[in-house]
Amino acid sequence: DVITVAELAKRMGVKGKDLIKELMRQGTMVTINHPLDFETAAILASEFNYEVENVAFDEETLLEHSSVKGAEEASADDLKTRPPVVTIMGHVDHGKTSLLDAIRTANVTAGEAGGITQHIGAYDVELDGKKITFLDTPGHEAFTAMRARGAKVTDIVILVVAADDGVMPQTREAINHAKAAGVPIIVAINKMDKPNATPDKVRQGLTEFGLVSEDWGGDTIFVEVSAKLHTNLDRLLEMILLQAEVMDLKANPTKRVRGIIVEARLDKGRGPVVTVLVQEGTLKIGDPIVAGTHYGRVRSMINDRGERVDAAGPSFPVEVTGLSGVPDAGDMFHAVEDEKTAKDVAQHRAQKLRETELARTSKVSLEQLFARIQEGDIKELKVIIKGDVQGSVEAVRDSLTKLSTDACRLVVLHTGVGGIIESDVSLASASDAIVIGFNVRPEPKAATLAESEGVDIRLYNIIYDAVADVRNAMEGLLAPTL
Ligand code: GDP
């Protein structure tokens, strides 16, 4: 199956219900989200005088269904437990970097004495024979920027909160970004060595966000640590492994490789160098690969200890050379049948990229979101609200929330006081949300990002106007037009 009815309708610029009617005429009863195979889509499209080019089909077949065994034969037995992938988030200076370093050094010295670590963008540690992969770039900016590119990398977020400082603006942001991604949060209360540490104040502050510690009757895991003194780090790792066990994270190591680029750069001597986090399959030297619009063969692989490796399975980060160019962090990475296939896919993508850049259609304008709601594609309108003062933010939030109907729920992903910043825009882009600014403006960098990502930023200085816009759009488009 290559395309849903809704998606086909959108691409053809016709109403979903017209496609459904046509399918019914042909004797097929389907819903708007029903997947269609290429033949059906082609016949259907020809009824509307469209020709369907079998491009999506090619990519899907080449990339997704090309497991070594063949997609049909792959069984549940092939799924093996994989290590969790963790991102550390939190307010500036609360100890994200220190914690990443502490976990790493503690682990390296315990394992191989004198091991030289290599910063490749991710590393893995081991506790009682079980592995955990940490992404080396802390903070929600990188996390959400990746997500905006469609990359779901992180399984678990560690929220670092300094025991002597408590919940701060970026703590809130981190929570909202993690929640928007649907990623579970483990809280690490850091700097417990400080004499003025008040961990209960942190616990108290976090209850407001629904993060209630287990000893307070909630279900969020809290661990009190000191990155400085390396206190309780093993306990934190244990809790990550516990959470991972509950999540039952699995991947198929025998499939053809699918992964995500977590870092990419051009090395003077070695050419394009990328760090790949393998998500499915096992990457080997010589594999034909494609990442973004670049392709090649795996020439060399090293792990985060600078050791040469010749195979990397699910959740393992490796630094790979052999690509023709430098892809972006967050790009998908695939191993394919042969180098020709890799080249075809890469060139096809480059072509599509040029086309979309020419078209430059807005990805998430308010109008388009409502069109998609109408098509039955989405059931929620997600918004991010920024305002000049807390009071106005609350007022806008309350008024908009009241617009929720059975057909369409209005979900506030994030609110904050101050101008619209880059991370607001990337959160919106990653979540198909719009940004509403009340008496505030986007920062130049945020405006540029919104432009390139096609994120709709709506600015208001009268609450009534904001509410009226959203309500008009909802009512106008949601009215039955049959
Ligand atoms: P980040 O901005 O969240 O990455 O924070 P850093 O890791 O850079 O830490 C900010 C400051 O807090 C640095 O001066 C660290 O030395 C200090 N720090 C980090 N963890 C601890 C800790 O557990 N105890 C104490 N006393 N200081 C810490």
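All figures in this text were calculated on a predicted structure; none of them were measured in a lab.

Conventions we followed
Residues numbered from 1 in each chain as written. Predicted model: local features only at pLDDT ≥ 70, side-chain atom pairs only at ≥ 80, totals over all residues. Heavy atoms only, no water. Helix = DSSP H or I, 4+ residues; strand = E, 2+ residues; numbered from the N terminus. Buried < 20%, exposed > 50% of the residue type's maximum accessible area, 1.4 Å probe, protein only. Contact = heavy atoms within 4.5 Å. Areas by Shrake-Rupley, 256 points an atom, 1.4 Å probe, with all protein chains shown as cover. Axes fitted to C-alpha atoms, helices over the stretch in contact; angles between N-to-C directions. Parallel < 35°, antiparallel > 145°, perpendicular 65-115°, else oblique. Left-handed = near helix turned anticlockwise from the far one by under 90°. Nonpolar A, V, L, I, M, F, W, Y, C, P; charged D, E, K, R; others polar. Near = heavy atom within 4 Å. Polar contact = N/O pair within 3.5 Å; in protein donor to acceptor, adjacent residues only side chain to side chain. Pairing = 2+ DSSP bridges. Phe/Tyr/Trp six-rings, centres within 6.5 Å; stacked < 30°, edge-to-face > 60°. Core = buried A, V, L, I, M, F, W, Y, C linked by side-chain atoms within 4.5 Å.

Topic: the overall build of the protein
In terms of helices and strands, the protein carries 15 helices and 22 strands. Classification of the 482 residues of the protein by burial places 48% in the buried group. The long-range fraction of contacts in the protein, counting pairs at least 24 apart against all pairs at least 6 apart in sequence, stands at 72%. If you sum the accessible surface of the protein, you get close to 22700 Å²; carbon and sulfur atoms cover 51% of it.

A word on the packing of helix 6 (residues 140-148) against helix 7 (residues 169-181)
Relative to each other, helix 6 and helix 7 sit at 25 degrees, their axes nearing to 10 Å. On the basis of the axis angle, helix 6 is roughly parallel to helix 7. As helix 6 runs across helix 7, the sense of the crossing is left-handed. Residues His140, Glu141, Phe143, Thr144 and Arg147 of helix 6 form the contact with helix 7, whose participating residues are Gln170, Glu173, Ala174, His177, Ala178, Ala180 and Ala181. When grouped by side-chain class, the residues that make up the contact of helix 6 with helix 7 number 5 nonpolar, 4 polar and 3 charged.

Some points on the site of the ligand
The immediate surroundings of the ligand are formed by 15 residues, with Asp93, Lys96, Thr97, Ser98 and Asp193 found nearest. Aspartate 93 has a polar backbone atom sitting 2.8 Å from an oxygen atom of the ligand. Between an oxygen atom of the ligand and a main-chain N or O atom of lysine 96, the distance comes to 2.8 Å. Among the elements that make up the shell around the ligand, the one with the highest residue count is helix 5 (residues 96-110) (3 residues). Looking at the shell around the ligand, its residues break down into 2 nonpolar, 7 polar and 6 charged.

Notes on helix 6
Within the sequence span of helix 6, burial applies to His140, Phe143, Thr144, Met146, Arg147 and Ala148. Of the surrounding secondary structure, the elements contacted by the buried residues of helix 6 are strand 4 (85-90), strand 7 (156-162), helix 7, strand 11 (258-267), helix 13 (422-431) and helix 14 (444-453). Positive phi appears at glycine 150, one or two residues downstream of helix 6, with a value of about 90 degrees.

Focus: the sheet that holds strand 8 (residues 185-190)
An order of 5-6-4-7-8-9 is seen for the 6 strands of this open sheet, with the pairing classed as mixed. Looking at the sheet topology across the chains shown, the edges are occupied by strand 5 (122-127) and strand 9 (222-224). Neighbour to neighbour, the strand axes of the sheet diverge by 30 degrees on average, direction disregarded.

Points about the side chain of aspartate 155
Considering the arrangement of structural elements, one finds aspartate 155 in the loop between helix 6 and strand 7. With a relative accessible area of 10%, aspartate 155 lands in the buried category. Engagement of the side chain of aspartate 155 in a polar contact is seen with the side chain of arginine 82, the distance being 2.9 Å. Apart from residues lying up to four places away in sequence, aspartate 155 is in contact with Arg82, Pro83, Pro84, Val85, Val183, Pro184, Met247 and Leu249.

A closer look at the environment of glycine 330
Tracing the backbone shows glycine 330 in the loop between strand 17 (317-323) and strand 18 (332-335). For the pair glycine 330 and arginine 147, spaced 183 residues apart in sequence, the C-alpha separation works out to 7.4 Å. Contact partners of glycine 330, with chain neighbours within four places excluded, come to Met146, Arg149, Ala151, Ile260 and Ile261.

Digging into helix 13
Among the 10 residues of helix 13, 9 are classified as buried, and the element is accordingly described as predominantly covered. Listed in full, the buried residues belonging to helix 13 are Ser423, Asp424, Val425, Ser426, Leu427, Ala428, Ser429, Ala430 and Ser431. Aspartate 432 sits one or two residues past helix 13 and shows a positive phi near 55 degrees.

Details of the packing of aromatic side chains
Evaluated as defined, the whole model comprises 1 aromatic pair. Considering the side-chain rings of tyrosine 123 and phenylalanine 134, the 5.6 Å spacing of their centres and the 25 degrees angle between planes classify their relative orientation as stacked. Placement of the pair is tyrosine 123 in strand 5 and phenylalanine 134 in strand 6 (residues 130-135), with a sequence separation of 11 residues. In this structure, tyrosine 123 and phenylalanine 134 share a single accessibility class: buried.

Remarks on the sheet that holds strand 15 (residues 294-302)
Here 6 strands make up a closed barrel; going around it, the order is 11-12-17-15-14-18 and the pairing antiparallel. When strand polarity is set aside, the average angle formed by the axes of neighbouring strands in this sheet is 45 degrees. Relative to strand 17, strand 15 runs antiparallel, the two sharing 4 bridges. When the sheet's bridge partners are listed, isoleucine 302 is paired in strand 17 with glutamate 319.

Details of the nonpolar core
Within the largest apolar cluster, 28 residues are counted, with the highest numbers of intra-cluster contacts made by Leu99, Phe134, Ile158, Leu236 and Ile240. Broken down by element, the residue count for this core peaks at 7 residues, all from helix 9 (residues 233-247). If we ignore the near neighbours within four places in the chain, the residues touching phenylalanine 134 are Val86, Ile88, Leu100, Ile103, Ala122, Tyr123, Val125, Leu237 and Ile240.

Details of the environment of glutamine 351
Tracing the backbone through its elements, the reader meets glutamine 351 in helix 10 (residues 339-359). Take glutamine 351: its relative accessible area is 37%, and that puts it in the partly exposed class.

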